[in-house]
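# Inside the fold
Listed below are the residues making up each chain.
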Amino acid sequence: MSVLLPSSSSALFTSSSQEGSCRFAVRSAILNSLFKLQRSFPQIRASAGNASPPETGLSTELDAVSIFSEIVPDTVIFDDFEEFPPTAATVSSSLLLGICGLPDTIFRSAVETALADSECYGQEDPSGRMSCFYNKALVNVGSDLLKLVPGRVSTEVDARLAYDTHGILRKVHDLLKLYYEKEVPLDRLLFKIPSTWQGIDASRLLESEGIQTHLTFVYSFPQAAAAAQAGASVIQVFVGRMRDWARNHSGDPEIEAACRRGEDPGLDLVTKAYNYIHKYGYKSKLMAAAVRNKQDLFSLLGVDYIIAPLKILQSLKESITSPEEKYTYLRRLTPQSAASFKFSEEELVKWDQMSFGSAMGPAAEELLAAGLEGYVDQTKRVEELFGKIWPPPNV
């Protein structure tokens, strides 16, 4: 998991040239939504069902929102579990970089053990040796995380394989073999794969084997729908990044349609993906990431997982409700509302590589490419770092 910097909702969009009206519409919709939320604060209740949540024990905003969605702390190093104990975790290139930059972290020994592995350093081919070190480090850290979180751990698959279905399959099976050696049960694992068509196809094949996948870098409805059709266990949408793109670009039909409706494009995609999954009975769970402020989080209530920066979590935790004033939190995403949501015929196609490629749109293409570039860069930095510190003193 990467650290995301929260930004003020008042700075979401700026007026400029032909994009100004769309940006103003989105900003107005967000502020109007916030105004409505602030007006509805007399008591805590759930709008999604007939029963209201119990009032006892709900003393903070964090308690209240956790009724509707699983809130996952967005951090790199899980050394401090006391204030915001994570329920799930991701082991990734950014996590390995964080571990290597903090010599006293509890996960440091997991990396050092990987670099001292005789199976790896016995390989003559430098690239094969480094790949072995990297895989072992991911699995060692992932295994340690599994002892600390009650939920699943998602393991990042090398982004350099994003357009290679068979390469992704081989990498996942290699990682899974290492987890099996540590006697980690399959149901505790996810494998995090970029949402290229090849990644989605690999997800379909892996899920058919009972291996759970976590498709990331979803920035368009075709990606979300194709991922659901593939049976991906978790689909991750980056809300704030789509907003950033819309603020500075134009020409994406999906985003411009959301703007015309006065919707934030990232929140709109999560809503649409949620409704699609629930209306048509797909098994996928939806994860919202790149949440920039509390209003984003309030607008996402009902989605399965929300990855929230620590700054937002701290603000939620510090917002104490008094006996005289209890807040109302509305569940925005529900199976009931999904049942009545209307999709166009074009959106209900069975996605294949050709239709998927032509429907992606410039925002998804650019954001996916940028995400892959960042992951590849982080992976290379980890490998360079491993090359400098290998062999460890005891080898």
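Residues numbered from 1 in each chain as written. Predicted model: local features only at pLDDT ≥ 70, side-chain atom pairs only at ≥ 80, totals over all residues. Heavy atoms only, no water.

## A few points about the overall build of the protein chain
Counting its secondary structure elements, the protein chain contains 17 helices and 8 strands. For the protein chain, buried positions account for 55% of its 395 residues. For the protein chain, contacts bridging at least 24 residues in sequence account for 72% of all contacts bridging at least 6. Surface summary for the protein chain: the accessible area is close to 17200 Å², and the carbon and sulfur share equals 53%. (Helix = DSSP H or I, 4+ residues; strand = E, 2+ residues; numbered from the N terminus. Buried < 20%, exposed > 50% of the residue type's maximum accessible area, 1.4 Å probe, protein only. Contact = heavy atoms within 4.5 Å. Areas by Shrake-Rupley, 256 points an atom, 1.4 Å probe, with all protein chains shown as cover.)

## Let's talk about the pattern of salt bridges
Applying the stated criterion to the full structure yields 16 salt bridges. Here aspartate 158 makes a salt bridge to arginine 160, at a shortest N to O gap of 2.8 Å. Taking relative accessible area as the criterion, aspartate 158 reaches 12% and is therefore assigned buried. The shortest N-O distance in the salt bridge between lysine 283 and glutamate 207 comes to 2.7 Å. Of this pair, lysine 283 sits in the loop between α12 (265-279) and β7 (285-289) while glutamate 207 is found in helix α8 (residues 197-208), placing the two residues 76 residues apart along the sequence. One continuous salt-bridge network, built from bridges that share partners, spans Asp117, Glu119 and Lys136. (Salt bridge = Lys/Arg side-chain N within 4 Å of Asp/Glu carboxyl O.)

## As for the nonpolar core
Ranked by size, the top nonpolar core spans 115 residues in total, and within it Val141 and Leu297 carry the most contacts. Considering every element that reaches this core, the biggest residue donor is helix α6 (residues 126-146), with 10 residues. (Core = buried A, V, L, I, M, F, W, Y, C linked by side-chain atoms within 4.5 Å.)

## Regarding the packing of aromatic side chains
Here a ring pair, both rings aromatic, is described through the centre-centre distance and the interplanar angle of the planes. Taken as a whole and assessed by the stated rule, the structure comprises 12 aromatic pairs. With 5.4 Å between their ring centres and 50 degrees between their planes, tryptophan 197 and phenylalanine 356 make a pair best called tilted. Placement of the pair is tryptophan 197 in helix α8 and phenylalanine 356 in helix α16 (residues 353-359), with a sequence separation of 159 residues. Given the relative accessible area of 18%, tryptophan 197 is considered buried. Put simply, the rings of Phe221, Tyr276, Tyr280, Tyr282, Phe341 and Phe343 pair up and form one aromatic cluster. (Phe/Tyr/Trp six-rings, centres within 6.5 Å; stacked < 30°, edge-to-face > 60°.)

## Comments concerning the packing of helix α10 (residues 239-248) against α12
Between α10 and α12, the shortest axis-to-axis distance is 7 Å and the interhelical angle comes to 135 degrees. Here α12 runs oblique to α10, going by the angle between their axes. For the pair formed by α10 and α12, the contact residues are Val239, Met242, Arg243 and Ala246 on the first element and Pro265, Gly266, Leu267, Leu269 and Val270 on the second. Of the residues contributing to the contact of α10 with α12, the split by class is 7 nonpolar, 1 polar and 1 charged. (Axes fitted to C-alpha atoms, helices over the stretch in contact; angles between N-to-C directions. Parallel < 35°, antiparallel > 145°, perpendicular 65-115°, else oblique. Nonpolar A, V, L, I, M, F, W, Y, C, P; charged D, E, K, R; others polar.)

## Quick look at the environment of tryptophan 197
Taking the C-alpha atoms as reference points, tryptophan 197 and phenylalanine 356, 159 residues apart in sequence, are found 7.3 Å from one another. Not counting chain neighbours up to four residues away, the residues in contact with tryptophan 197 comprise Ala226, Trp351, Asp352, Gln353 and Phe356.

## Comments concerning the side chain of arginine 108
Here arginine 108 lies in helix α4 (residues 108-115). With a relative accessible area of 18%, arginine 108 lands in the buried category. Engagement of the side chain of arginine 108 in a polar contact is seen with the backbone oxygen of cysteine 100, the distance being 3.1 Å. If sequence neighbours within four positions are ignored, arginine 108 has contacts with Ile99, Cys100 and Pro103. (Polar contact = N/O pair within 3.5 Å; in protein donor to acceptor, adjacent residues only side chain to side chain.)

## Quick word on the confidence of the model for the protein chain
Here the protein chain averages 83 in pLDDT, and 80% of its residues register 70 or above. A low-confidence stretch, residues 1-55 (pLDDT under 50), is modelled with 109 contacts involving residues beyond four sequence positions or located in other chains. Between residues 323-327, whose pLDDT stays under 50, and residues either more than four places distant or in other chains, the model counts 11 contacts. (pLDDT = per-residue confidence, 0-100.)

## Observations concerning α6
Helix length check: α6, at 21 residues, gives a terminal C-alpha distance of 30 Å against a target of 30 Å (1.5 Å per residue), a fit within 8%. Counting buried positions along α6 gives 17 out of 21 residues, so the element sits mostly inside the fold. (Expected span 1.5 Å × (residues − 1).)

## Notes on the sheet that holds strand β4 (residues 189-194)
The strand order across the open sheet built from 8 strands is β1-β8-β7-β6-β5-β4-β3-β2, with neighbouring strands paired in parallel fashion. The two strands at the open ends of the sheet, each matched to only one other strand, are β1 (70-74) and β2 (89-91). Direction aside, neighbouring strands of the sheet carry axes that sit 25 degrees apart on average. Where β4 lies against strand β5 (residues 213-218), 4 bridges are found, and the strand directions are parallel. Directly across from lysine 192, in β5, lies its bridge partner histidine 214. Relative to the sheet, helix α9 (residues 221-230) contacts β5 and β6 (234-238), its axis offset from that of β5 by approximately 170 degrees. Helix α17 (residues 361-389) rests against β3 (153-156), β4 and β5 of the sheet, and its axis sits at about 120 degrees to β5. (Pairing = 2+ DSSP bridges.)

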